[in-house]
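Commentary on secondary and tertiary structure
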Amino acid sequence: MRSKIFYAIFFTSLLMILCSAILLFVISQALSFEREYEHLEDFTHDLAAKLNVNPDIDLRLLDGSSYRITIVSQKGHVISDNRTDASMMQYHGDREEIVNALKYGRFKTYRYSNTLDSRHLYYAIVLSDGNVLRVSVSSSTIFSHLAAAVITILILAALLAIISYVGAKRLTYRIMGPLNSIDFQDPIIDVPYPEIRPLISRIYAQKKQINEQVDEIKKQHNEFFVITNSMKEGLIILNKNGKIISINKSALKFYATKEEFIGRSLLSLDRSEHMRSFFEHRDTVIPKSIEITLNNRDLKYYFNEIVVNGELLGYAILIINITAQNLAQKHRQEFTANVSHELKTPLQSIIGYAELLENKIAKPEDVSSFGEKIKRQGQNLLHLIEDLLFLSALDEGKANFQTEVFLLNDLAREVLETLDMQIKEKNITATVRGDDIYINGIYRLFYELLYNLCDNGIKYNKDGGELQVILDQDERHFVIRVSDTGIGIEKEFQERVFERFFRVEKNIATIKGTGLGLSIVKRITLYYKGKVKLKSFDGEGSVFSVIFPNKNLVAEKGIPSHETAEGTPGDS
Ligand code: ADP
């Protein structure tokens, strides 16, 4: 705007200078033409007066003057001329100035001479002897006078152009200065030109409106940002050219990247075959959903077009992590297969022995041992079903368990007493030691936990081995540690022993079990937000440490044991 104003002022003044110069030139030319006529007239009259007194004045003496002087007879013959030999000159009786001078006594005119390409002024006057005195001057002579004036005019014009340049600059600055200093926070106070007050008011109102709209958009953007970034699902928004205009934290996490992808093509983030296919065919058909595995996660992608008022604006890609869902499904399938297998084996054996008895194929002396086998397999089955029911009760939080205050050390001793027969069978030295820990919790859960750990500590121990239950407590946690000097667990199985139905292959044939004991231990630990750690060396023994937080679980000493309260297991 500043340069526009400047050029407008500058060129207007330049144009005015140019017009004035031309006008000045034309006027001055007309004036000088007029003056030249006057000079011509004065000169001619003076000369005529002199010639009237003395007709013999030699005109050649006046050769140096800028005028051409000719005397023409009444008949039109040149009598004398100050520049040319009169006898050599043409007949002049037909010349306009001569004809008219003879008619009116004097006459002035001008003519163009094509040969000389110049204009001539003529003044003719009749002398007292009847001859005509004609004086002429050429316009080239006049223009030679004007040339000086033109140069002056040009210099003046150049000077004025410089002045108008500087003036235009200063004027522009003076016009723009106050406009630039308008405070748009409150423009009404210092509007420099009252004429633009309505315009400034409108600009101010629009500025306010735009600011409000920008604030609203920013607010909405922030809300969108906060919401999408707190989503567990990944969300990618593309424009219709396939460029990323928004990508949330979860999506970046799935792609294991922290790079900035806004404004970049979707393919710079994901060049997988599925994505390329979506990218290439998005104008015609988009897949509803696809499932892929990315960075060890099973992800399900949902594609949607973003259409507003019938116009396609872009695409939204929602990414859902279905790893846990898939894993749960896999576990369910495995679990069902395992349960069926575990139930089928003892049942087949029961049916087999029962058939032998039914068909009286069994020898009488074997009947009681078959009966005993049927009973044992039945007990196994019952044990398995009890474990399964217990686990599903914990999983679903449906069972009601009693919360009570009890001394953990007593509970550990009770467990060892229950297992006394097995301990004796294997000559195991079993001890409970450590801090007295009063628990305000579910007796049954701690019983099951310790029972399973101690049962394993005996089952997988060596003859004459040791089993220790050590109870430890600090300010924030308490630990139940069950260590044995048994066969140990190989490194590769140490994580898997907590899986439901997992049993180390080499023990299956020789040692009785369901493969559910340690998964029950793990489930109970999770119920109280604890942790299980296993340290084991193949052939040397194992130490299972279960760490629980004291908070909400450890009772203060002195609270009477067996004070009970209702409790319902929750999912943890
Ligand atoms: P099981 O009913 O077979 O004992 P668990 O879930 O209690 O089922 O244990 C899973 C597997 O872990 C067992 O089959 C066994 O191979 C191994 N295991 C558990 N405790 C011990 C231990 N103290 N020493 C050696 N191996 C063990």
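Heads up: these notes are all about the structure in this document. (Residues numbered from 1 in each chain as written. Predicted model: local features only at pLDDT ≥ 70, side-chain atom pairs only at ≥ 80, totals over all residues. Heavy atoms only, no water.)

1. Concerning the pattern of salt bridges
Here is the rule we go by: Should a side-chain nitrogen of Lys or Arg be within 4 Å of a carboxyl oxygen of Asp or Glu, the pair is scored as a salt bridge. Numbering goes from the N terminus for both helices and strands, where a helix is a DSSP run of H or I of at least four residues and a strand is a run of E of at least two. Only protein chains enter the accessibility calculation, which uses a 1.4 Å probe; a residue whose area is less than 20% of its type maximum is buried, one above 50% is exposed, and one in between is partly exposed.
Overall, the coordinates contain 13 salt bridges when judged by the stated rule. The partner of Lys108 in a salt bridge is Glu41, with the nearest N and O atoms 3.0 Å apart. Of this pair, Lys108 sits in strand E3 (residues 106–113) while Glu41 sits in helix H1 (residues 2–53); the two residues are 67 residues apart in sequence, bridging distant segments of the chain. Here Glu41 falls in the partly exposed class, since its relative accessible area comes to 22%. Between Asp410 and Arg413 there is a salt bridge, with the nearest N and O atoms lying 3.3 Å from each other. Of this pair, Asp410 and Arg413 both sit in helix H10 (residues 408–418), separated by three residues, roughly a single helical turn. Each of Glu97, Arg111 and Arg134 takes part in salt bridges that share partners, so that together they form one network.

2. A short note on helix H4 (residues 197–229)
To keep it simple, the criterion reads: For a helix, the expected span equals 1.5 Å multiplied by the number of residues minus one. Here a residue-residue contact requires only that any non-hydrogen atoms of the pair lie within 4.5 Å.
With 33 residues, H4 extends 47 Å between its outermost C-alpha atoms, agreeing within 8% with the 48 Å of an ideal straight helix rising 1.5 Å per residue. Ile200, Thr228 and Asn229 are the residues of H4 that are buried. Buried residues along H4 sit against strand E6 (234–239) and helix H5 (249–254).

3. Description of the pairing of strand E17 (residues 541–549)
What counts here: By this definition, two strands are paired if DSSP reports at least two bridges between them.
Sheet topology note: the strand E15 (residues 477–484)/E17 ladder contains eight bridges and is antiparallel. If you follow Asp484 over to E17, its bridge partner there is Ser542. Inspection of the sheet shows strand E16 (residues 531–537) paired to E17 by seven bridges, in the antiparallel sense. Bridging from a neighbouring strand, Val532 pairs with Val546 of E17. Once E16 ends, the chain turns through three residues before running back antiparallel as E17, passing Gly539 with a positive phi of about 85 degrees.

4. So, the site of the ligand
As a reminder of what qualifies: Put simply, a residue is near a molecule or strand once any heavy atom of it comes within 4 Å of that molecule or strand. A 3.5 Å cut-off defines polar contacts: any pair of N or O atoms within that distance qualifies, except that in protein one atom must be a possible hydrogen donor and the other a possible acceptor, and neighbouring residues in sequence count only when both atoms are side-chain atoms. Only the protein chains shown count as cover for residues, and the accessible areas themselves come from Shrake-Rupley with a 1.4 Å probe. Under this grouping Gly is polar, as are all residues other than the nonpolar Ala, Val, Leu, Ile, Met, Phe, Trp, Tyr, Cys and Pro and the charged Asp, Glu, Lys and Arg.
Around the ligand lies a shell of 20 residues, among which Asn456, Arg503, Asn507, Thr514 and Leu518 are the nearest. With respect to the ligand, the backbone of Gly517 contributes an N or O atom lying 3.3 Å from an oxygen atom. With respect to the ligand, the backbone of Leu518 contributes an N or O atom lying 2.8 Å from an oxygen atom. If the ligand stood free it would expose 530 Å²; the protein chains cover 99% of that surface. Listing elements by their share of the shell around the ligand, those giving two or more residues are helix H12 (443–459), helix H14 (517–527) and E17. Split into classes, the residues belonging to the shell around the ligand amount to nine nonpolar, eight polar and three charged.

5. Let's talk about the sheet that holds E15
Just so we agree on the cut-off: Working convention: axes come from line fits to C-alpha atoms, limited for helices to the stretch in contact. Angles between N-to-C directions cover 0 to 180 degrees.
Taken in spatial order, the five strands line up as E12-E14-E15-E17-E16 in an open sheet, and their pairing is mixed. The open sheet has two edge strands, strand E12 (429–434) and E16, and neither has a second partner. The mean inter-strand angle of the sheet, taken between neighbouring strand axes irrespective of direction, is 10 degrees. Two elements, E12 and strand E14 (residues 466–473), share six bridges in a ladder whose sense is parallel. In the strand pairing of E14, Ala430 is matched with Leu467. Strands in contact with H12 are E14, E15 and E17; relative to E15, the strand with the most contacts, it is inclined by about 25 degrees.

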